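Spelled out from the first residue to the last, the chains are:
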Amino acid sequence: MHPRSSAFLEWERRLFNYRNNWFIEKEPSWKAGSGFIRETPHQLLFHSITHESHHKGQIVSMIRLL
């Protein structure tokens with residue numbers, strides 16, 4: 001296994017152990033007055049990863065059309 005992969009997996013394992021113990025609460029600056037969002041670090045991390053993959057797929061689809 002690549003050293004970066006094992007380091008990420010170890011970091012994620014530690015995060016997984018604590019993911020239900022605390023939350024990040026913040027009101028989005030782009031949605032003033034919409035209320036607070038309450039998410040765990042684990043949820044924020046994986047949302048970012050899946051969102052990035054979504055956009056990567058969009059870019060690949062657009063390139064294939066060229």
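Rules used in this analysis
- Residues numbered from 1 in each chain as written.
- Predicted model: local features only at pLDDT ≥ 70, side-chain atom pairs only at ≥ 80, totals over all residues.
- Heavy atoms only, no water.
- pLDDT = per-residue confidence, 0-100.
- Helix = DSSP H or I, 4+ residues; strand = E, 2+ residues; numbered from the N terminus.
- Patch = residues over 30% accessible without salt bridge, like charges linked within 9 Å, V, L, I, M, F, W, Y side chains within 5 Å.
- Areas by Shrake-Rupley, 256 points an atom, 1.4 Å probe, with all protein chains shown as cover.
- Salt bridge = Lys/Arg side-chain N within 4 Å of Asp/Glu carboxyl O.
- Buried < 20%, exposed > 50% of the residue type's maximum accessible area, 1.4 Å probe, protein only.
- Expected span 1.5 Å × (residues − 1).
- Phe/Tyr/Trp six-rings, centres within 6.5 Å; stacked < 30°, edge-to-face > 60°.
- Lys NZ or Arg CZ within 6 Å of the ring centre and 35° of its normal.

Quick question: what am I supposed to make of the confidence of the model for the protein chain here?
As a general rule, the predicted coordinates of low-pLDDT regions are not to be interpreted in detail. When pLDDT is averaged across the protein chain, the result is 82; 85% of the residues are at 70 or more. The least confident element of the protein chain is helix 1 (residues 3-18), whose mean pLDDT is 73; the most confident is helix 2 (residues 41-65), at 90.

I keep staring at a nonpolar patch on the surface and nothing clicks. Help me out?
A surface patch of nonpolar side chains, about 420 Å² in accessible area, is lined by Phe8, Leu9, Trp11, Phe46 and Ile49. Elements represented by at least two residues in the nonpolar patch include exactly helix 1 and helix 2. With three residues, helix 1 is the single largest residue contributor to the nonpolar patch. Locating isoleucine 49 in the fold gives a position in helix 2. Judged by its relative accessible area of 33%, isoleucine 49 is partly exposed.

Just to check I follow, could you spell out the pattern of salt bridges for this structure?
Two side chains of opposite charge can pair, provided their charged atoms sit close to one another. Tallied over the full model, the rule gives one salt bridge. For the salt bridge of arginine 38 with glutamate 25, the shortest nitrogen-to-oxygen distance reads 3.1 Å. Note that arginine 38 is positioned in strand 2 (residues 37-39) and glutamate 25 in strand 1 (residues 24-26), a separation of 13 residues in sequence.

I'm lost on helix 2 in this one. Help?
One turn of an α-helix holds 3.6 residues; hence residues three or four places apart share an orientation. Its 25 residues give helix 2 an end-to-end C-alpha distance of 37 Å, which sits within 8% of 36 Å, the value for a rise of 1.5 Å per residue. Burial in helix 2 covers these residues: Pro41, His42 and Leu45.

Just to check I follow, could you spell out the packing of aromatic side chains for this structure?
Each aromatic ring pair is described using two quantities: the centre-to-centre distance and the angle formed by the ring planes. Taken as a whole and assessed by the stated rule, the structure comprises zero aromatic pairs. Here the basic side chain of arginine 38 rests over the ring of phenylalanine 23, its NZ or CZ set 3.7 Å away from the ring centre.

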